[in-house]
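Survey of secondary and tertiary structure
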Protein chains: 2
Amino acid sequence: MSDRTGGQSGDLEATDRAILRELAQDGRCSFTDLGERVGLSVSAVHQRVRRLEQRGALRGYTAHIDGEQIGLPLTAFISLTPTDPAAPDDYPQRLQHLPEIESCYSVAGDESYILQVRVASPLGLEELLRQIREAAKVSTRTTVVLSTPFENRPPEI
Amino acid sequence: MSDRTGGQSGDLEATDRAILRELAQDGRCSFTDLGERVGLSVSAVHQRVRRLEQRGALRGYTAHIDGEQIGLPLTAFISLTPTDPAAPDDYPQRLQHLPEIESCYSVAGDESYILQVRVASPLGLEELLRQIREAAKVSTRTTVVLSTPFENRPPEI
DNA sequence: ACTGAAAAACCTCCGAC
DNA sequence: GTCGGAGGTTTTTCAGT
């Protein structure tokens, strides 16, 4: 044990957290810039990033795309409640083939899962709900997103 | 007008969609690779990516970080209901200073907003709820995430 | 674990088509 | 809109500390 002073770290020290913070903000940041920002040589940063990737602390890099411009302007949250309480809980596997579902969360509370979905239109949403109910034998509750004041802000590391 | 055959495009043709698809999957993909994957020269891809960024179709690049390893293992959804229906709707501005809030969605339905948050512990969640109610004068309904079967999958472009 | 240097790969700009 | 090439920059590796 080293700097585990009761803080918030899950095993990472300051420099690694700084690297994650920068990459969470700018996923295409060069190693050269990264090195300057965290006060380390290019090779040292490179080595640390590779280690963070192998540890699973860095889970991947993605570009964020405007839903409107790709013809998927409608976002919604869909809450799932099993209709047969005795059925085995393999809902994620039953649903993962539907590309409209971006995220799937298992949750505590009245409902069992929350899905975040993106579709082209209300009709597309209706069709997706039909597919979800058919694939997973669940009842659904849908909340349509009207606008997104902010999204995917980097966590405070 | 060109290929607007009633498809799903919001003004983008095949090559641009292919570029977005690749970058959504691998945000650090090099222009060289990108060019090979979509069948274009490096310079052509470079030019198209710049144009997609300027258009706002590409909104940014981020690394995805494992919440557990940075000491924020607890994710939750918080639904907001205004306590004073006559108050002006400036909730996002009132809440954006709280870094625990990753996303804020304005929604149709019983509640007005859905927040996605990340905190260190149940105590951290309790404190965040207190701050949200204080900053925005809302009542809250919280759904705790138990596990995340999948998240942020690239949309089907 | 970090540094510095060298080779390979990459990015960016430019003129031409 | 696309291409190929030139020059500067970045990535990646490696020996040394």
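Before reading on, note that the structure itself is shown above.
Residues numbered from 1 in each chain as written. Chains lettered and ligands numbered in written order. Predicted model: local features only at pLDDT ≥ 70, side-chain atom pairs only at ≥ 80, totals over all residues. Heavy atoms only, no water.

**Notes on the side chain of D66 of chain B**
Note that D66 of chain B resides in the loop between β1 (58–65) and β2 (74–82). Salt bridges are absent for the buried D66 of chain B, whose nearest opposite-charge side chain, R59 of chain A, sits at 4.1 Å. Once residues lying within four places of it in the same chain are set aside, the contact partners of D66 of chain B are G56, A57 and R59 of chain A together with R118 of chain B. (Helix = DSSP H or I, 4+ residues; strand = E, 2+ residues; numbered from the N terminus. Buried < 20%, exposed > 50% of the residue type's maximum accessible area, 1.4 Å probe, protein only. Lys, Arg positive; Asp, Glu negative; His and termini not counted. Salt bridge = Lys/Arg side-chain N within 4 Å of Asp/Glu carboxyl O. Contact = heavy atoms within 4.5 Å.)

**Considering the pattern of salt bridges**
Any two side chains of opposite charge can pair, on the condition that their charged atoms come close. One pass over the structure, following the stated rule, counts 18 salt bridges over all chains. The partner of E22 of chain B in a salt bridge is R37 of chain B, with the nearest N and O atoms 3.1 Å apart. Of the two residues, E22 of chain B sits in helix α1 (residues 14–25) while R37 of chain B sits in helix α2 (residues 31–38), which places them 15 residues apart along the sequence. A relative accessible area of 17% places E22 of chain B in the buried class. Measuring nitrogen to oxygen at the nearest pair gives 2.8 Å for the salt bridge that ties E111 of chain B to R141 of chain B. Residue E111 of chain B is located in the loop between β3 (101–107) and β4 (113–119), and its partner R141 of chain B is located in strand β5 (residues 138–150); the two are separated by 30 residues in the primary sequence. Under the relative-accessibility criterion, R141 of chain B is labelled partly exposed at 32%. In the salt-bridge network here, residues are joined through shared partners; they are E13, D16 and R48 of chain A.

**So, the side chain of E111 of chain A**
Residues and elements named next belong to chain A. Residue E111 is classed as buried on the basis of its relative accessible area of 15%. At 2.8 Å, the side chain of E111 and the side chain of R141 are in polar contact. Among residues more than four places away in sequence, those in contact with E111 are S79, L80, T81 and R141. (Polar contact = N/O pair within 3.5 Å; in protein donor to acceptor, adjacent residues only side chain to side chain.)

**Observations concerning the sheet that holds β3 of chain B**
Strand order in the closed barrel made by the eight strands is β2(A)-β4(A)-β3(A)-β5(B)-β2(B)-β4(B)-β3(B)-β5(A), with antiparallel pairing throughout. The sheet shows a mean angle of 35 degrees between the axes of neighbouring strands, direction not considered. Examined bridge by bridge, strand β3 (residues 101–107) of chain A and strand β4 (residues 113–119) of chain A share five bridges and lie antiparallel to one another. Bridging across to β4 of chain A, C104 of chain A finds its partner in L115 of chain A. This element, helix α5 (residues 122–136) of chain A, spans β2 (74–82), β3, β4 and β5 (138–150) of chain A of the sheet and lies at about 140 degrees to β5 of chain A. Packing against the sheet, helix α5 (residues 122–136) of chain B makes contact with β2, β3, β4 and β5 of chain B, and its axis sits at approximately 140 degrees to β5 of chain B. (Pairing = 2+ DSSP bridges. Axes fitted to C-alpha atoms, helices over the stretch in contact; angles between N-to-C directions.)

**So, the protein's contact with DNA strand D**
Of all residues adjacent to DNA strand D, which total 13 residues, the nearest are F31 of chain A together with S41, S43, Q47 and R48 of chain B. In DNA strand D, atoms within 4 Å of the protein come from the sugar-phosphate backbone in 62% of cases. Between H46 of chain A and DNA strand D, the recorded distance is 3.3 Å, taken from a side-chain N or O atom to a phosphate oxygen. For the surface near DNA strand D, the secondary-structure elements that each account for two or more residues are α2 (31–38) and α3 (42–55) of chain A together with α3 (42–55) of chain B. Counting residues per element, the surface near DNA strand D draws most heavily on α3 of chain B, at five residues. The residue makeup of the surface near DNA strand D, split by class, is four nonpolar, seven polar and two charged. (Near = heavy atom within 4 Å. Nonpolar A, V, L, I, M, F, W, Y, C, P; charged D, E, K, R; others polar.)

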